[in-house]
Amino acid sequence: MSTSSSPTLRKIGILTSGGDAPGMNAAVRAATLLAAAKGVEVAGIEHGYRGLLEGRFRPLGPSDVTRILREGGTTLGSARCPEMHERSARDLARRQLRDHGVDALMVIGGNGSLAGAYALSDPDEDEAPPRVIGIPASIDNDVGLTGLSIGVDTAMNTIVDACDKIHDTASAHDRAFIVEVMGRDCGYLAMTAAVASGADAVLFPEAGKSADAVVEQVLETVRATRRRVGRSKRAIIIQAEGVSISPGELKARVDERLRAEDGEGLEIETRVTILGHVVRGGRPSAFDRLLGSRMANVGVAAAMAGRTRVMTSWMPPMDLPPEVGERSKADPYCLLVDLGAALEATRQLLDGDSPLAQWRTQVFAGLETVLRL
Ligand code: F6P
């Protein structure tokens, strides 16, 4: 892990990038207050890397952030900025940071945004690259080397709340519902929400099932719930986006097969609910406010200490090899991990190569029959 030779911190830049996540504002607020308390200037950069390229900097002080703790989304604005893959854009971004006197940049975002921070701070591309501190924030929970990213808890609660409501109507009609949730290539939200909402099945990309196998899993689930005696025959199936078959096609194929079977007077059409961006919105949960604030605290302390190319991580008691991560002195529940190692762990998680991804897949394969009972 690298430490800059120039630890002076006069001005810290903060941006939020990629898909917004509830709790990003808590991190911006805490970082601003903590920096201001130490006499460090704060520059808020609007709309992520896009705003950085366009020079959209504005000073942030306590009065700008006092009211944002409870707000969802990000008051700084966010954007996806594929130009950051290009060297010319990164050169411009570094010039903007220099011109605005920013010594360290805090990047609050997911996988792609953190990869952008890593590239921006590459010493092979610039003799004096900006110091960068990554703060993982993405509802997908697909960032490696952290147990949780900012926004996951709120998103999970939103899904569980929606599924509780769907349970009511599904039970009333003995219907099967396929509920699609966000998560891009990661099934974490679907898996955890399935357990927390008492769903009857969960479909996630890490299982690596073909479309045919997914159809069979859903049919098995519906048949099993129809065999239930003395209680509702409803089926709630949570599907992560990224599964090999779309919910619409899945519904069509399942309905066709169900129609060919004996419906026993039960509804033989499934219903589809796509939760979509609803999952990303809303007021952050208490936990996400806390996580955002605590990660910002660790991030500001790291910036003050002249650290660069590190990412804050939420990992209750677990030790990592010293070259990969160290427990933060600013918060014993947080680690400060090497940003490059975190990005490599993210790749392994998404490719299904990591022990964690394999463990999740194995656990849920074992739970398939249990959920249907
Ligand atoms: O990465 C967060 C996320 O919400 C994913 O779950 C989803 O696939 C994607 O962003 C949606 O992106 P957009 O808001 O650009 O449509």
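To keep things clear, this report deals only with the structure shown in the data block.

**Focus on the site of the ligand**
Next, step 1: Around the ligand, the neighbouring residues are R80, I139, D140, M182, G183, R184, E241, H277 and R280.
Next, step 2: Here R80 contributes a side-chain N or O atom positioned 2.9 Å from an oxygen atom of the ligand.
Next, step 3: Here H277 contributes a side-chain N or O atom positioned 2.9 Å from an oxygen atom of the ligand.
Next, step 4: Computed on the free molecule, the ligand has an accessible area of 390 Å², of which 75% lies beneath the protein chains in the complex.
Next, step 5: For the shell around the ligand, the residue count by class is 2 nonpolar, 2 polar and 5 charged.
Next, step 6: In this structure, the shell around the ligand is formed jointly by two domains, domain 1 (2-151 + 284-350) and domain 2 (162-279), each of which donates at least three residues.

**Some thoughts on the sheet that holds strand β9 (residues 271-274)**
Next, step 1: If you trace the 4 strands from one edge of the open sheet to the other, you get β7-β8-β6-β9, paired in parallel fashion. Each edge of the open sheet carries a strand with a single partner, namely β7 (201-203) and β9. Within the sheet, the average angular offset between the axes of one strand and its neighbour, ignoring direction, is 20°.
Next, step 2: Two strands pair when backbone bridges link them, and β7 and strand β8 (residues 235-240) are joined in this way by 3 bridges, in the parallel orientation. Bridge assignment links L203 to a residue of β8, and that residue is Q239.
Next, step 3: Sheet strands in contact with helix α8 (residues 211-226) are β6 (176-181), β7 and β8, and its direction is about 170° off that of β7.
Next, step 4: Lying over the sheet, helix α9 (residues 247-260) contacts β6, β7, β8 and β9, oriented at roughly 165° with respect to β6.

**Describing the nonpolar core**
Next, step 1: Ranked by internal contacts, the top residues of the largest apolar core, which has 82 residues, are I108, I238 and L250.
Next, step 2: Here this core gets 9 residues from one element, more than from any other, and that element is helix α6 (residues 152-173).
Next, step 3: In this structure, this core is formed jointly by two domains, domain 1 (2-151 + 284-350) and domain 2 (162-279), each of which donates at least three residues.
Next, step 4: Excluding its chain neighbours within four sequence positions, the residues that come into contact with L250 are I178, L203, V214, V215, V218, Q239 and I245.
Next, step 5: Core analysis: the next-biggest nonpolar cluster, separate from the first, contains 31 residues, F57, V143, L145 and L343 among them.

**Focus: the sheet that holds strand β11 (residues 325-327)**
Next, step 1: In space, the 8 strands of this open sheet follow the order β3-β2-β1-β4-β5-β10-β12-β11, with mixed pairing throughout. Edge positions in the sheet fall to β3 (57-59) and β11, since each has one partner strand and no second. With strand direction ignored, the average angle separating the axes of adjacent strands in the sheet is 25°.
Next, step 2: Judged from the 2 bridges that link them, strand β5 (residues 131-136) and strand β10 (residues 310-314) form a sheet pairing that is parallel. Across the sheet, the residue bridging to G134 is M311, located in β10.
Next, step 3: Here helix α5 (residues 111-120) sits on the sheet and contacts β1 (11-17), β4 (104-109), β5 and β10; the angle it forms with β4, its principal contact strand, is near 160°.

**Describing a nonpolar patch on the surface**
Next, step 1: Judged by side-chain polarity, L356, W359 and V363 come together as a nonpolar surface patch covering roughly 280 Å² of accessible area.
Next, step 2: Along the chain, the position of L356 falls in helix α12 (residues 355-372).
Next, step 3: By relative accessible area, which is 41% here, L356 ends up partly exposed.

**Focus on the pattern of salt bridges**
Next, step 1: This structure, assessed with the given rule, holds 32 salt bridges.
Next, step 2: In this structure, R87 engages D91 in a salt bridge whose closest nitrogen and oxygen atoms are separated by 3.2 Å. One end of the pair, R87, and the other, D91, are both in helix α4 (residues 87-99), 4 residues apart, so they sit about a helical turn from each other.
Next, step 3: Put simply, E261 and R223 hold a salt bridge, and the shortest N to O gap is 2.6 Å. With E261 in the loop between α9 and β9 and R223 in helix α8, the pair connects residues that are 38 residues apart, well separated along the chain.
Next, step 4: A relative accessible area of 29% means that E261 is categorised as partly exposed.

**What to know about α6**
Since the α-helix packs 3.6 residues into each turn, any two residues three or four apart lie on the same face.
Next, step 1: Compared with an ideal rise of 1.5 Å per residue, which puts 22 residues at 32 Å, α6 spans 31 Å between its outermost C-alpha atoms and is within 8% of the ideal.
Next, step 2: Within α6, the full set of buried residues consists of V152, D153, T154, A155, M156, I159, V160, A162, C163, I166, H167 and A170.

**A closer look at the pairing of strand β2 (residues 41-45)**
Next, step 1: Taking burial as the measure, the 5 residues of β2 include 4 buried ones, the bulk of the element.
Next, step 2: Where β1 lies against β2, 5 bridges are found, and the strand directions are parallel. Across the sheet, the residue bridging to G13 is A43, located in β2.
Next, step 3: Crossover handedness for the path β1 to helix α1 (residues 24-37) to β2: right-handed.
Next, step 4: Here β2 runs beside β3; their pairing, made up of 3 bridges, is antiparallel. Opposite A43, over in β3, you have P59 as the bridge partner.

The rules behind these values
- Residues numbered from 1 in each chain as written.
- Predicted model: local features only at pLDDT ≥ 70, side-chain atom pairs only at ≥ 80, totals over all residues.
- Heavy atoms only, no water.
- Near = heavy atom within 4 Å.
- Polar contact = N/O pair within 3.5 Å; in protein donor to acceptor, adjacent residues only side chain to side chain.
- Areas by Shrake-Rupley, 256 points an atom, 1.4 Å probe, with all protein chains shown as cover.
- Nonpolar A, V, L, I, M, F, W, Y, C, P; charged D, E, K, R; others polar.
- Domains from an automatic or database assignment.
- Pairing = 2+ DSSP bridges.
- Helix = DSSP H or I, 4+ residues; strand = E, 2+ residues; numbered from the N terminus.
- Axes fitted to C-alpha atoms, helices over the stretch in contact; angles between N-to-C directions.
- Contact = heavy atoms within 4.5 Å.
- Core = buried A, V, L, I, M, F, W, Y, C linked by side-chain atoms within 4.5 Å.
- Buried < 20%, exposed > 50% of the residue type's maximum accessible area, 1.4 Å probe, protein only.
- Patch = residues over 30% accessible without salt bridge, like charges linked within 9 Å, V, L, I, M, F, W, Y side chains within 5 Å.
- Salt bridge = Lys/Arg side-chain N within 4 Å of Asp/Glu carboxyl O.
- Expected span 1.5 Å × (residues − 1).
- Right-handed = clockwise from strand over helix to strand, strands pointing away.

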